[in-house]
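Residues per chain are reported as follows:
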Amino acid sequence: MSTFRILAADKLAQEGLDYITKQDDCELVNKPGLTEEEYAELIQDCDAMIVRSGIKVTAKILENPGKLKVIARAGVGVDNIDLAAATEKGILVVNTAAASTITTAEHAFALMMSLMRNIGPAYKGMTEGKWDRNKYTGRQLMGKTLGVVGFGRIGQTMAERALAFGMDVVAYDPFINAETMMDGRVKMFNNFEDILPLIDIISFHVPLNDATRGILSAKTYPKCKDGLYVVNAARGGVVDEADLLEALDSGKVAAAAMDVFTSEPPTADDPLRNHPRVLITPHLGASTKEAQQAVSVDAADNCMTYLRGEGIVGAVNAGNLKINLSPVQEKYVDLSNRMAKLLSPMITRGIAEVTIELAGKSLAAGLSMIERTALVGLFEHHLTDPVNIINVNQVAEARGIKVKTVTTDDDKATGLTIEVTGPAGAVDDETNADDKTRRIVGRVYDDLKPRIVEINGYHMDMIPEGPMILLLNEDKPGMIGLVGSTFGSENVNIADMTISRRGNTAMMVFKVDSEPTTAQLETIKTKEGILKTASVQLAEA
Ligand SMILES: NC(=O)C1=CN([C@@H]2O[C@H](COP(=O)(O)OP(=O)(O)OC[C@H]3O[C@@H](n4cnc5c(N)ncnc54)[C@H](O)[C@@H]3O)[C@@H](O)[C@H]2O)C=CC1
Ligand SMILES: O=C(O)CCC(=O)C(=O)O
C-alpha cells in the first residue's frame with residue numbers, strides 16, 4: 001500500500017491532525033510556520049498540503065511541485081493560494097466551503113450586535129474604572145434594514161438570523177438572478193448603489209476580487225444614509241480603509257466592525273486599531289472549536305478522497321481534467337477558457353444569460369466541454385463557490401443563469417462566440433452603459449494557435465497568452481504615447497500590443513512581461529482618457 005504524505009502547513013485543529021495519523025495509508029508532516037523557500041522544498045516530497053489563511057501558497061512555492069497533487073484550504077477563501085500556478089502544474093485545489101458558514105455568520109452577527117450596543121467601548125471603559133451609562137446608549141436591531149452584500153452561504157445565514165431578530169433585509173448579489181429570496185422576505189438587487197439609500201447596516205459576505213475591492217468607498221458613501229453601521233467579516237479591502245476613517249470622522253458612518261484587514265495583521269499604529277467607533281477582531285470569523293474541527297477534518301478527508309482515486313470533493317480549480325477530444329476540439333476547449341478569462345473582468349453588471357455559439361460541424365462533439373470550460377472561466381472570477389467543469393451547469397441553474405448554446409454547420413470558418421447578458425435593469429458602473437451584452441469571438445486557425453478576433457465590437461487578431469492588460473480609452477491623439485510612458489515609468493514591459501477603435505473609444509490589448517500589480521493598474525487607470533483597465537494571466541499558447 002502506498003503511503004500519502006500530508007503536509008499541514010498552517011496550525012490545524014488537533015482533530016484534523018489525529019484524523020490523518022489514524023489512517024493506515026497516510027503520514028502526517030506537521031510543519032506550520034516555515035519560510036517560502038522551506039515550503040518550496042518540503043512540498044516536493046508531499047502528496048497533499050493543507051492550509052488555512054496563515055500562509056500564502058505562491059507560484060514560487062509551486063514552481064517545482066514534485067509529487068504534490070492536491071492543496072486543501074481548511075476554510076473558504078482561496079485568495080491566499082495562487083490558483084493559476086496550481087492549475088498550471090495540474091494540482092487540484094479544494095476547500096471546505098460549508099464547514100465554517102454558520103460560525104462565520106455568527107461572528108458577523110455578533111459584531112453587528114456589539115456595534116449597535118457599544119459593547120466594545122463600554123467594556124473598555126469598565127476596565128478603566130468608568131461607569132458611562134449615558135454615553136453608550138445604543139440602537140435596537142428590530143425594525144432596522146440590513147443590507148447583505150454577497151448572498152451566498154454566509155450572506156444567507158446572516159440574513160436568516162437578521163430576519164429572526166425582526167430586521168428587514170435587502171441583498172446585493174449580481175450573480176443571483178431573482179427578485180426575492182427566502183420566500184420573498186429578502187428583496188434582491190443587482191446594482192450595489194441601489195441598496196445604499198435603503199439600509200441602516202451593511203454587512204459584507206463576498207470574495208475579494210476586482211469587482212468587490214473598495215466596493216464601499218468615498219465614491220459610494222454619498223448614496224448611503226448618514227449614520228450607517230458597517231460590518232466586514234469577508235476580506236480586508238472590500239471596504240476601503242482610508243475612506244472608512246474619513247466617513248467615520250464626517251459622521252456618514254456611525255461605527256464599523258472589522259474582522260479582516262487589507263494587511264493582516266494591521267500595523268500596531270494602524271488608525272483602525274484605536275478608533276473609538278471601530279470594533280476590531282483578529283480574523284476570527286471561522287475561529288470556533290466546532291468550525292476548526294470541521295474544516296480540518298474535511299480538508300484532510302478531501303485530500304485523501306482525491307489521493308485514493310475515490311473522486312473530487314470541494315474542487316476550486318479544474319485540476320487540468322482531460323477528456324478524449326480531437327486535437328482541434330481540444331484547442332477550442334483551451335480557447336474557450338482563454339476567451340472567458342479575458343471577458344470576465346469586463347463583466348461588472350452580473351450575469352443573467354450566457355450564449356455560446358460554436359461554428360463548425362467537426363467541433364460539435366466538443367460542444368459540452370467547450371461550453372463548460374467557458375462557463376467555468378466566466379464564473380470562477382466572481383464566485384467563491386467551487387466551480388469546475390463537473391458542477392458548472394448546476395451552479396448556473398441554481399443561480400437562475402440561463403445558458404444557451406447555438407451550433408452552426410459551416411466547417412469552412414470554425415469559430416467560437418461567447419456572449420454574456422447582464423440582469424435586466426443592471427447598469428454598467430463604468431463604461432459602455434448602452435451595450436446590452438459583453439461579447440468575445442475567437443478562432444483556431446490551421447496553425448492550431450488560438451486567436452481572439454473581437455472583444456465587445458473591437459476587432460483584432462491576437463494570440464491570447466501570458467500576462468495581458470486590456471485598456472479601454474477615449475479615442476484621441478496621444479493615448480498610445482501616454483500609455484507607453486506610463487507603462488515605462490511603472491516598469492511594465494510591453495511584449496506586444498494591438499489597438500482597435502469603435503465610435504469614440506478604443507481598446508488596447510497588451511502582452512506584457514510580467515503580471516502588473518494592483519497598484520500599477522490603479523496608476524494607469526488614473527490617467528486622463530483611460531476608461532477601464534483589466535489584467536489577466538493566461539498560460540503560454
Ligand atoms: N472572516 C472569516 O474568517 C471568513 C471570511 N470568509 C469570507 O466570506 C466570503 C463569503 O463566503 P461564502 O458565503 O462561503 O461564499 P459564497 O461563494 O457562498 O458566497 C459569496 C457570494 O458573493 C457573491 N458575489 C461574487 N461577486 C460579487 C460581487 N461583485 N458583488 C456582490 N456579490 C458578489 C457570489 O455570487 C456569492 O453568492 C468568502 O469569500 C471569504 O472571503 C469566509 C469564511 C471565514
Ligand atoms: O481562520 C481561517 O483560517 C480564515 C477563515 C477564512 O477567512 C476563510 O475560510 O475564508
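Everything discussed here concerns the structure shown above.
To start, this report covers the structure provided alongside it. Note that this is a predicted model, so its numbers are computed, not measured. (Residues numbered from 1 in each chain as written. Chains lettered and ligands numbered in written order. Predicted model: local features only at pLDDT ≥ 70, side-chain atom pairs only at ≥ 80, totals over all residues. Heavy atoms only, no water.)

Observations concerning the side chain of Thr-212
Thinking step 1. Its location among the elements puts Thr-212 in the loop between strand 10 (201-204) and strand 11 (228-232).
Thinking step 2. A residue is classified by how much of its surface remains accessible, and Thr-212, at 9% relative accessible area, is buried.
Thinking step 3. A polar contact is formed between the side chain of Thr-212 and the backbone nitrogen of Asn-209, at a distance of 2.8 Å.
Thinking step 4. Not counting residues within four places of it along the chain, the set of residues in contact with Thr-212 comprises Val-206, Pro-207, Gly-237 and Val-238. (Helix = DSSP H or I, 4+ residues; strand = E, 2+ residues; numbered from the N terminus. Buried < 20%, exposed > 50% of the residue type's maximum accessible area, 1.4 Å probe, protein only. Polar contact = N/O pair within 3.5 Å; in protein donor to acceptor, adjacent residues only side chain to side chain. Contact = heavy atoms within 4.5 Å.)

Brief notes about the packing of aromatic side chains
Thinking step 1. In total, this model carries 3 aromatic pairs according to the counting rule given.
Thinking step 2. Directly above the ring of Phe-189 sits Lys-187, whose terminal nitrogen or CZ lies 5.0 Å from the centroid. (Phe/Tyr/Trp six-rings, centres within 6.5 Å; stacked < 30°, edge-to-face > 60°. Lys NZ or Arg CZ within 6 Å of the ring centre and 35° of its normal.)

Quick word on the pattern of salt bridges
Where charged atoms of side chains with opposite charge meet at close range, the side chains can pair.
Thinking step 1. Counted under the stated rule, the structure contains 27 salt bridges.
Thinking step 2. The partner of Asp-25 in a salt bridge is Arg-308, with the nearest N and O atoms 2.8 Å apart. Placement of the pair is Asp-25 in the loop between helix 1 (14-21) and strand 2 (26-30) and Arg-308 in the loop between helix 10 (289-307) and helix 11 (327-343), with a sequence separation of 283 residues.
Thinking step 3. A relative accessible area of 29% places Arg-308 in the partly exposed class.
Thinking step 4. The network of salt bridges with common partners includes Arg-5, Glu-27, Asp-45, Asp-47, Lys-67 and Lys-69. (Salt bridge = Lys/Arg side-chain N within 4 Å of Asp/Glu carboxyl O.)

A closer look at the site of ligand 2
Thinking step 1. Near ligand 2 you find Arg-52, Ser-53, Arg-73, Gly-75, Val-76, Gly-77, Arg-235, His-283 and Ala-286, and these make up its full shell.
Thinking step 2. Arg-52 places a polar side-chain atom, nitrogen or oxygen, 2.7 Å from an oxygen atom of ligand 2.
Thinking step 3. When the free accessible area of ligand 2 is taken as 290 Å², the share hidden by the protein chains comes to 93%.
Thinking step 4. Residues belonging to the shell around ligand 2 are distributed by class as follows: 2 nonpolar, 4 polar and 3 charged. (Near = heavy atom within 4 Å. Areas by Shrake-Rupley, 256 points an atom, 1.4 Å probe, with all protein chains shown as cover. Nonpolar A, V, L, I, M, F, W, Y, C, P; charged D, E, K, R; others polar.)

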